[in-house]
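# Residue-level structure breakdown
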Amino acid sequence: MNATWRKRAACRGLDPDIFYPASDEEAEEAKAICVACPVQQVCLEHALAHRERDGVWGGLTERERRRALRQRRKSA
Ligand code: SF4
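Note that the structure is a prediction, hence the values are computed from the model and not measured. (Residues numbered from 1 in each chain as written. Predicted model: local features only at pLDDT ≥ 70, side-chain atom pairs only at ≥ 80, totals over all residues.)

## Focus: the overall build of the chain
Check the secondary structure of the chain and you find four helices and zero strands. If you list the helices and strands of the chain from N to C, you get α-α-α-α. By the compact-globule yardstick of 11 Å for 76 residues, the chain fits well, its C-alpha radius of gyration being 12 Å. Referenced to the eigenvectors of the C-alpha coordinate spread, the extents of the chain come out at roughly 35 × 30 × 20 Å. The 76 residues of the chain split such that 17% are buried. Taking contacts inside the chain between residues at least 6 apart in sequence as the whole, the part at least 24 apart equals 46%. (Helix = DSSP H or I, 4+ residues; strand = E, 2+ residues; numbered from the N terminus. Rg over C-alpha atoms; globule rule 2.2 N^0.38 Å. Buried ≥ 20, exposed ≤ 12 C-beta atoms within 10 Å, placed from the backbone. Contact = placed C-beta atoms within 7 Å.)

## Let's talk about the nonpolar core
A general feature of soluble globular proteins is that nonpolar side chains tend to end up buried together. With nine residues, the main nonpolar core is built from Ala 27, Ala 30, Cys 34, Val 39, Cys 43, Leu 44, Val 56, Trp 57 and Leu 60. Residue assignment for this core shows that the elements contributing at least two residues are helix H2 (28–35) and helix H3 (40–49). (Core = buried A, V, L, I, M, F, W, Y, C linked by C-beta atoms within 7 Å.)

## Quick notes on the site of the ligand
Taken together, 14 residues surround the ligand, and among them Ala 9, Cys 11, Cys 34, Cys 37 and Cys 43 come closest. Contributions of two or more residues to the shell around the ligand are made by H2 and H3. Here the residues of the shell around the ligand sort into 11 nonpolar, three polar and no charged. (Near = placed C-beta within 6 Å. Nonpolar A, V, L, I, M, F, W, Y, C, P; charged D, E, K, R; others polar.)

## A word on the environment of Gly 58
Here Gly 58 is to be found in the loop between H3 and helix H4 (62–75). Put simply, Gly 58 and Cys 43 are 15 residues apart on the chain and 5.0 Å apart in space, counted from C-alpha to C-alpha. Contact partners of Gly 58, with chain neighbours within four places excluded, come to Cys 34, Gln 40, Gln 41, Cys 43, Leu 44 and Ala 47.

Structure follows, in structure tokens:
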């Protein structure tokens, strides 16, 4: 995997537990970091393309990514 974008990730070096919250309600801390991340869009596209199941990626929780994929399929 080309991980160049990961070097610029705002979450780099942070506690990974922040990005694996027990519920969507507990994802706010991770989302706040993603919002300011310079590679948010790349991260999100990576997660969608690889069907990453767990954790917050690109500012979206697992459930939100599933919804995003459904919406893309509908509008495709
Ligand atoms: S968008 Fe969030 S999860 Fe993705 S690299 Fe940036 S901080 Fe990390």
